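Single-letter residue listing:
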Amino acid sequence: METKAKVGLVVVALAIVYVVWGSTYLGIRVVVEEMPPLTGMGSRFLAAGILLAVVLRVRGVPIRVSRSELMGAALVGLTLPMLGNGLVAIGESMDTPSGVAALLVAAVPLFITAYRFLAGDRPKVWSVLGVLLGFAGLAWLVLGGRHQGHVPLGGAAIVLVASAFWAFGSWVQPRLTLPGNAFVLTVHEMWTGGAMMVVVGLVRGERPDPLQYGGQTWLAWGYLVVIGSMVGYSAYVWLLANAPIGLVATYAYVNPVVAVFLGWLILDEPVTSAVVVGGLVIVAAVAVVISVERRPVHADEPALEAATP
């Protein structure tokens, strides 16, 4: 009975990661219609970090960290929330469809493999072929979509840069001094990254006007705070401790599909041949790379599956 209950929890948690993280691209697209991208997403992460800190304190989990751990968490906050999520928001504010953004971010494992190669590691031949195939799919997605009139080149380029930064943050994270508790790390990662986004957003001229935002915008923002940042991440961390990593890694294939479907269903984003062909090639390439590179890793070498969206 206990085994069946745990299997049920794994299924529920996996469904949450599949749907919630796939839907965050839609939520961002809705929010940036009215909110400035950096201050909007920065306030999201600040709120999520504060709420998660309150939850941890209520449960008796200490959230104080050393100075070196805080600096490490802040560097993660810079590369993941700030440069990763923040640039995705800017790209989507430039009319990049949410489904296309999700497919571009799906390239994170490809970038991680490239960073490992640059650092002196020698990936397997199939990994190299998977990376080349994936970048060919990205090129087709962006250039083909541009010719079909629905993918702005500038916005897509910014999202692709966001993907590269997210991959770098995921790759460098195991080399940093960080809090041992994953949820405590998340608190400090989110509030530092959120604060940086708000500051940079104000410096670049963003002027938030909360009283002018509609109910749909606030609903999407609240969804990103509570469901996207807190519930989704908690489910992911629980899965890492209770399910095979190969099963958890399947989110990398499913999230873009969910994002494309929701963008089409709710925002009427076109599903063109460029999206279908390029998306299939990217997902297939990610599947090849993750399958080939799935193995026990050393303490200073991240598993590709651990790169979270």
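Above this text sits the structure in question.
Read on for a plain summary of the structure.

What counts and what doesn't
- Residues numbered from 1 in each chain as written.
- Predicted model: local features only at pLDDT ≥ 70, side-chain atom pairs only at ≥ 80, totals over all residues.
- Heavy atoms only, no water.
- Patch = residues over 30% accessible without salt bridge, like charges linked within 9 Å, V, L, I, M, F, W, Y side chains within 5 Å.
- Areas by Shrake-Rupley, 256 points an atom, 1.4 Å probe, with all protein chains shown as cover.
- Salt bridge = Lys/Arg side-chain N within 4 Å of Asp/Glu carboxyl O.
- Helix = DSSP H or I, 4+ residues; strand = E, 2+ residues; numbered from the N terminus.
- Buried < 20%, exposed > 50% of the residue type's maximum accessible area, 1.4 Å probe, protein only.
- Lys, Arg positive; Asp, Glu negative; His and termini not counted.
- Contact = heavy atoms within 4.5 Å.
- 1 Å grid on protein atoms, 1.4 Å probe; cavity = no way out; pocket = protein on both sides within 12 Å on 5 of 7 lines; lining within 4 Å.
- Points joined across faces, edges and corners; volume = space filled by probe spheres on them.
- Nonpolar A, V, L, I, M, F, W, Y, C, P; charged D, E, K, R; others polar.
- Phe/Tyr/Trp six-rings, centres within 6.5 Å; stacked < 30°, edge-to-face > 60°.

**Examining a nonpolar patch on the surface**
Nonpolar side chains collect at one region of the surface, where W140, F261, W264, L265, I266, L267, V271, V276, V277 and L280 lie side by side and expose about 950 Å² of accessible area between them. Counting residues per element, the ones that place at least two in the nonpolar patch are α11 (251-267) and α12 (273-293). Looking at the nonpolar patch element by element, the count peaks at five residues for α11. Topologically, L265 is positioned in helix α11.

**Here's the deal with the side chain of R44**
For R44, the position within the fold is in helix α2 (residues 37-58). The buried charged residue R44 lacks any salt bridge, with E92 as its nearest oppositely charged partner at 8.9 Å. Every residue in contact with R44, bar those within four places of it in the chain, is listed here: I28, N85, W221, L224, V225, G228 and S229.

**Structural notes on empty space enclosed by the protein**
Applying the stated criterion across every chain, the model contains two cavities of 30 Å³ or more. Considering only enclosed or pocket space, the second largest cavity measures out at about 50 Å³ in volume. Together, P97, G99, V100, V260, W264, E269, P270, V271 and V275 line the second largest cavity. Of all the secondary-structure elements, those providing two or more residues to the lining of the second largest cavity are α4 (98-105) and α11. Partitioning the lining of the second largest cavity into residue classes produces seven nonpolar, one polar and one charged.

**Thoughts on unusual backbone geometry**
Positioned with a positive phi, D95 is a non-glycine residue whose angle comes to about 75 degrees. Here D95 shows up in the loop between α3 (67-93) and α4. Even without being a glycine, D268 presents a positive backbone phi close to 60 degrees. Tracing the backbone through its elements, the reader meets D268 in the loop between α11 and α12.

**Quick word on the packing of aromatic side chains**
Considering all chains together, one arrives at 10 aromatic pairs under this definition. Taken together, a centroid distance of 6.5 Å and an interplanar angle of 85 degrees make the contact between F183 and Y233 edge-to-face. You can see F183 sitting in helix α8 (residues 182-203) and its partner Y233 sitting in helix α9 (residues 215-242), a full 50 residues away along the chain. For F183, a relative accessible area of 23% corresponds to the partly exposed category. Judged by its relative accessible area of 19%, Y233 is buried. Note on W218 and W221: the rings are 5.6 Å apart at their centroids and 85 degrees apart in plane angle, and the pair reads as edge-to-face. With W218 and W221 both in helix α9 and three residues apart, the pair spans about one turn of that helix.

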